[in-house]
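Here are the chains, one letter per residue:
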Amino acid sequence: MKIPYYPGCTLKTTAKPFEDTTKAVSEVLGIELLEMPRWNCCGTVYSLASDDLMHQLAPIRNLIRVQDMGYDRVTTLCSMCYNTLEQANQLVKGDPEKLEKMNSFMDQEKDYTGGVTVVHYLTLLKEMGFDSLPVKNPLKGLTVVPYYGCLLLRPEEISIDNPERPTIMAELLAALGATVVDHPYKLECCGSYHTVDYKEVVCEKTYHILSSARKRGAEAVVLSCPLCEFNLDFRQKDLEQELAPMPILYFSQLLAVSLGLFDALGFDQHYVDPEPLLKEKGLLR
Amino acid sequence: MTEDIKTRMIKVYIMGREYEVPEGLTIMKAMEYAGYRFIRGAGCRAGFCGACGTIFRKKDEYKFRTALACQTPAEDGMYLTELPFVPANKAEYELEELTSEPSIIVSLYPEIARCVSCNTCTKACPQDLQVMDYIQASLRGDINQAAELSFDCLQCGLCAARCPADIVHYHVGQLARRVYGKYVLPRSQHLKERNDEIKAGAFDQEMEKLTAMGLEQLKKLYTERDIEK
Ligand code: FES
C-alpha cells in the first residue's frame, strides 16, 4: 500500500525515534510511506476562533500538497498533527464558504476540493488487521498501559476510536503479545504546552498518570504523541514526589521490537531509558 | 530615406503624480527619466545586488506587486514608488560560537514560530524562491533544506516587508546558509593543502619573478598562457 506521509516538525527532531521505528516497521509491513516533498508545520494547535481563517491556512495547505501528489489519503504519526490537520479538514468540508475564501486567498495553489482524509497510522494498522502483524518477538511478560491523551480522540468528529472507551492501542499491544492493563487516566490530559510556562502543572499531571499506571502493575506507558512523551518522560526529572522511573514508549517502538527490528529504536533520546526493562524481559537482542 | 521612429510614450504614476516616459524602460530607468535620482535603492542594475526591491500596482488590478526595479519593465498605467531600504531586525551572533543543532535558527529568530504558512513572502519574492518553505524548514531545524531553498536570495527584503508575522526571512536564510557552510558542508581538503603550500613558500620565487616583470612582458605571458580546455 502506498500512502503519502506527513511527518510534522517534531518527528524530524525530538521525536525522531517515533519516525525511524515507524519507517522500519512500514517497510516490513509493505506500507510504502511517501514522505511529502513539500510540507509546512500543521499549525500546531487547532485554532478554535471561528472567524480566524489565517490559522487554518497551514493545515489546509498541507492537504493541498497531498492533493497535488494525486492521493486522497495522508497518514501521520503525531497526535497533534493528526488532530490539527483533520479538524481543519472537517471545518472546510462542512463550510464551503470558508473553503472558498481560503482558496481565493491561496491563489497560487490549486483549489482544495475537500477530498483528502487524514488517517492516523494506528488506524492504518487496524485496517490491515492487528492479527496479521508478523510478530517474531512477542512482548511476553511485559505489562503496559496505553495512554491516549486528548488529541487522538477529541473532538468526537475526528476521534480515531470510541472517544470515551478507546481500545485501539490496547488491541495493538495485545496483538504484539504484551499484557495490557486498563488505566483510569488513559484519557487524561498531560498538561500539554503548560510544560513551557507552568511546569508544575505538568509535573502534577505526570505524577498522577504514572503513579496510577504503576499501581495497576504497568511497567511502561505507551503513546502516540511527542508532546505527551516529553511531558510524561522528561518531567519525571522534575517531580517532587517519589516515583520509580517509568519508561515511556511510542507504540511504534514496541511494534519494531516485536517485529525483531532493533536498529533504530532511539532509546538514547528518552529520559527514562526503556532498555533495561526490555532487556530484563529478554526482548532485546 | 530614414524616417524618424517615434518612441511610444506611456503614462506612469510616481508617488501619485503622472509622468510620461518612453515605453520599454525598467521601473528604475522610468523613474530616472522622470527626474528621480537614486542615491539608495539602486546598485548593480543587473538583478544581482538586491538593492532595488520595489512595490507597485498595475493598471486596473487589485494585486499589490513586488519586484526588482532594475529588472521589471514599466507598463502603461503603473503606480510606482521608491523603496530605499527595508528596516529589519537582525540577530547578533558569532558564527564561530554557533552549532548546527536543529534549534539554532529558532533560538536566534524565535519569531519564525509565528509563521502561519500564509505564503505572502513567497508571493513577494522577485527571485521566485519558496520563501515560506525555507522558513518552515528553519522552524523544524532542517538547516540543509533552508540553506538550499534560500540559496538564490538577493537580500532585497521584500519578503520581510510583506510578512504579517514580522519575520525577517532573508536574514533567517542567510543564517541558515552560514551555519550550513561552516558546520554542515565538508571542509575542502585541497584548499587547506594549497594554503599550506603558500605558507611554506612554494610560490614565493615565482611571485618575485612576476612582480619584477615589465608590463609588456606580463601581457605576453598572459596571452600565451596554457588554458585548460
Ligand atoms: S540594482 Fe542590483 S538588483 Fe536591481
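Because the structure is a prediction, the values reported are computed rather than measured. (Residues numbered from 1 in each chain as written. Chains lettered and ligands numbered in written order. Predicted model: local features only at pLDDT ≥ 70, side-chain atom pairs only at ≥ 80, totals over all residues. Heavy atoms only, no water.)

For the rest of this paragraph, the subject is the confidence of the model for chain B. Taken over all residues, the pLDDT of chain B has a mean of 95, while the share at 70 or more is 98%. With pTM at 0.88, the complex prediction returns an ipTM value of 0.88. (pLDDT = per-residue confidence, 0-100.)

Next up on the list: the pattern of salt bridges. Inspection of the entire model under this criterion finds 29 salt bridges over all chains. The salt bridge involving B:Arg45 is made with B:Glu32; its shortest N-O contact spans 2.5 Å. In this pair, B:Arg45 sits in the loop between helix H1 (27-33) and strand S3 (53-57) while B:Glu32 sits in helix H1, placing the two residues 13 residues apart along the sequence. Among the salt bridges present, the one from B:Glu96 reaches B:Lys182, with a minimum N-O distance of 3.7 Å. With B:Glu96 in the loop between strand S5 (78-80) and helix H2 (104-108) and B:Lys182 in helix H7 (residues 169-184), this pair connects stretches of sequence that are 86 residues apart. Judged by its relative accessible area of 24%, B:Lys182 falls in the partly exposed class. One continuous salt-bridge network, built from bridges that share partners, spans A:Lys12, A:Lys16, A:Glu19, A:Asp20, A:Lys23 and A:Glu35. (Salt bridge = Lys/Arg side-chain N within 4 Å of Asp/Glu carboxyl O. Helix = DSSP H or I, 4+ residues; strand = E, 2+ residues; numbered from the N terminus. Buried < 20%, exposed > 50% of the residue type's maximum accessible area, 1.4 Å probe, protein only.)

Moving on, we come to the sheet that holds strand S4 (residues 117-120) of chain A. Residues and elements named next belong to chain A. With parallel pairing, four strands are arranged side by side in an open sheet as S2-S1-S3-S4. This sheet does not close on itself; its edge strands, each paired only once, are strand S2 (32-35) and S4. Across the sheet, the mean angle separating the axes of adjacent strands is 45° when strand polarity is ignored. Pairing of strand S1 (residues 2-6) with S2, which is carried by four bridges, proceeds in the parallel orientation. In the sheet register, isoleucine 3 faces S2, and the bridge partner there is leucine 33. Each of S1, strand S3 (73-76) and S4 is contacted by helix H3 (residues 79-93), which is oriented at about 155° to S4, the strand it contacts most. Set on the sheet, helix H5 (residues 121-128) makes contact with S1, S2, S3 and S4; between it and S4 the angle comes to about 80°. (Pairing = 2+ DSSP bridges. Axes fitted to C-alpha atoms, helices over the stretch in contact; angles between N-to-C directions. Contact = heavy atoms within 4.5 Å.)

This next bit is on the packing of aromatic side chains. Applying the stated criterion across every chain yields a total of eight aromatic pairs over all chains. For the pair A:Tyr121 and A:Phe251, a centre-to-centre distance of 6.4 Å together with 25° between the ring planes defines the contact as stacked. You can see A:Tyr121 sitting in helix H5 and its partner A:Phe251 sitting in helix H10 (residues 251-258), a full 130 residues away along the chain. The buried category is assigned to A:Tyr121, whose relative accessible area is 1%. Centroid distance B:Tyr19 to B:Tyr36: 6.4 Å. Interplanar angle 70°. Geometry classified as edge-to-face. With a gap of 17 residues between them, B:Tyr19 in strand S2 (residues 17-22) and B:Tyr36 in the loop between H1 and S3 connect regions that are remote in the sequence. Residue classification places B:Tyr36 among the partly exposed positions, given a relative accessible area of 28%. Directly above the ring of A:Phe105 sits B:Lys123, whose terminal nitrogen or CZ lies 5.0 Å from the centroid. Sitting over the ring of B:Tyr222, B:Arg225 keeps its end group 4.0 Å from the ring centre. (Phe/Tyr/Trp six-rings, centres within 6.5 Å; stacked < 30°, edge-to-face > 60°. Lys NZ or Arg CZ within 6 Å of the ring centre and 35° of its normal.)

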